[in-house]
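Observations on the model geometry
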Amino acid sequence: MTLHPEQTAELAARLDEAATARTPIPQVAAAAGADTDDAYAVQEALVGLRLARGERPVGLKMGLTSHAKMAQMGVSEVIWGRLTDAMEVPDGGAVDTAAYIHPRVEPEVAFLMARDVEPGDSFEEAVAAVAPALELIDSRYADFRFALADVIADNTSAAAFTVGAWQPPPAGLADLPVRLEIDGEAVESGSTAAILGDPRRAFEEAVRLADRHGVRLRKGWVLLAGAATAAVPLRPGAQVRAVVEGLGAAALHALPERDGRG
Ligand code: 0L1
Ligand code: MG
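Residues numbered from 1 in each chain as written. Chains lettered and ligands numbered in written order. Predicted model: local features only at pLDDT ≥ 70, side-chain atom pairs only at ≥ 80, totals over all residues. Heavy atoms only, no water.

Going by the annotation in an unreviewed UniProt entry, the name recorded for the chain is 2-keto-4-pentenoate hydratase, with Kitasatospora paranensis given as the source organism.

Given below as structure tokens:
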């Protein structure tokens, strides 16, 4: 680690201000010399500011889980971030695009933890249920551009998420067709295979990587396994569905634009 605690706190405060003021900032963490461990320390401090305002931790999310996204970033390891209750949008619920900087949505698979997870726990032991999900990502950096340390520090662009109906884990999750629909039209399509070859691997990676930073998945927490297609900009008024064949759908809609805002 190379950052001093004061620098960690300062970077977290800048990212928090960017999110709350909905004003993008230039990349900060990589420029300050942050390595991956520093970046996770900034992420912890950043989410700590949300918890200090009364939010509760409710889960973790995996990012850069597709080989395409990893290649784009020039990295070979997935990243993870933290979810709070304030980020959860009920299935079919509304979001206000004006609450974000440049929101994008992506279709995911979610897992529900059956128990506090220990390293070495199997998927079957730890995962009580599976659901289709949507993640809303919103980089706090201008133009959605960042280096690896930046996006880790920025809580892996986490902003909001919606989980569809929970169901017992099916026998196979490795190659289910996935569609991202906007206003009833499929705008992206892919497969759960895009998530590390099999979303179950995202669970294993989450346990391994979070443990490295002293974090445990807790009973009742959600794990977002990663995106099955590219993310798509969320426009005011859009009706969005993530459809995972065999699992069903998760939906949200964006409120219409008001007074030129959005
Ligand atoms: O959930 C994700 O895969 C996003 C990780 C961060 C990269 C991005 O914002 O696209
Ligand atoms: Mg995601």
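**So, the layout of surface pockets**
Rules: A cavity, in this analysis, means grid points on a 1 Å lattice covering only the protein atoms where a 1.4 Å probe fits yet has no way out; a pocket is instead an open set bounded by protein on both sides within 12 Å along at least five of seven lines, and a residue lines either one if it has an atom within 4 Å of a point. Grid points are joined across faces, edges and corners, and a volume is the space filled by probe spheres set on the points. What counts as a helix is a DSSP run of H or I of at least four residues, what counts as a strand is a run of E of at least two, and both are numbered from the N terminus. Three categories are distinguished: nonpolar for Ala, Val, Leu, Ile, Met, Phe, Trp, Tyr, Cys and Pro, charged for Asp, Glu, Lys and Arg, and polar for the others, with Gly belonging to the last.
Estimates place the volume of the largest pocket at around 510 Å³. The wall of the largest pocket is formed by 29 residues, among which Leu64, Lys69, Gln72, Ile137 and Phe146 lie closest to the centre. The element contributing the most residues to the lining of the largest pocket is helix H3 (residues 67–73), with four residues. Here the residues of the lining of the largest pocket are counted per class, giving 14 nonpolar, eight polar and seven charged. Of the pockets and cavities examined, the second largest pocket occupies roughly 340 Å³. Along the walls of the second largest pocket sit 18 residues, with Ala19, Arg50, Ala99, Tyr100 and Ala159 positioned nearest its centre. When residues of the lining of the second largest pocket are traced back to their parent elements, those giving at least two are helix H1 (5–21) and strand S6 (158–163). In terms of residues, the lining of the second largest pocket owes the most to one element, H1, which gives three residues. Of the residues belonging to the lining of the second largest pocket, the class tally is nine nonpolar, one polar and eight charged.

**What to know about the environment of alanine 174**
Worth spelling out the cut-off: Relative accessibility decides the category of a residue: with a 1.4 Å probe and only protein chains considered, values under 20% of the type maximum give buried, values over 50% give exposed, and everything between is partly exposed.
With respect to the helices, strands and loops of the structure, alanine 174 is situated in the loop between S6 and strand S7 (177–182). Overall, the relative accessible area of 30% leaves alanine 174 in the partly exposed class. C-alpha of alanine 174 to C-alpha of arginine 82: the two residues are 92 residues apart in sequence and 24 Å apart in space.

**Quick look at H1**
Filter applied, for reference: By this rule, a helix spans an expected 1.5 Å times one less than how many residues it contains. Note: the arc covers the axis-to-C-beta directions of the helix.
In this model H1 runs 24 Å from its N-terminal to its C-terminal C-alpha over 17 residues, within 8% of the 24 Å that 1.5 Å per residue would give. Residues Thr8, Leu11, Ala12, Leu15, Asp16 and Ala18 constitute the buried set of H1. Across the axial projection of H1, the buried residues extend over an arc of 155 degrees, all falling on one side. Looking one or two residues past H1, arginine 22 carries a phi angle of roughly 55 degrees, positive in sign.

**Let's talk about the coordination of the magnesium ion (ligand 2)**
Applicable threshold: The donor definition counts N, O and S atoms within 2.8 Å of each metal and applies 3.2 Å to Na, K and Ca; water is not among these atoms, so some sites may look incomplete.
Summarising the metal site, the magnesium ion (ligand 2) is bound by the protein donors Glu106 (OE), Glu108 (OE) and Glu135 (OE), whose distances to it range over 2.0 Å. Sequence positions of the residues that donate to the magnesium ion (ligand 2) give the spacing E-x1-E-x26-E. In this pair, glutamate 106 is assigned in strand S4 (residues 104–113) and glutamate 135 in strand S5 (residues 127–137), connecting sequence segments 29 residues apart. In terms of burial, glutamate 106 and glutamate 135 fall into one category: buried.

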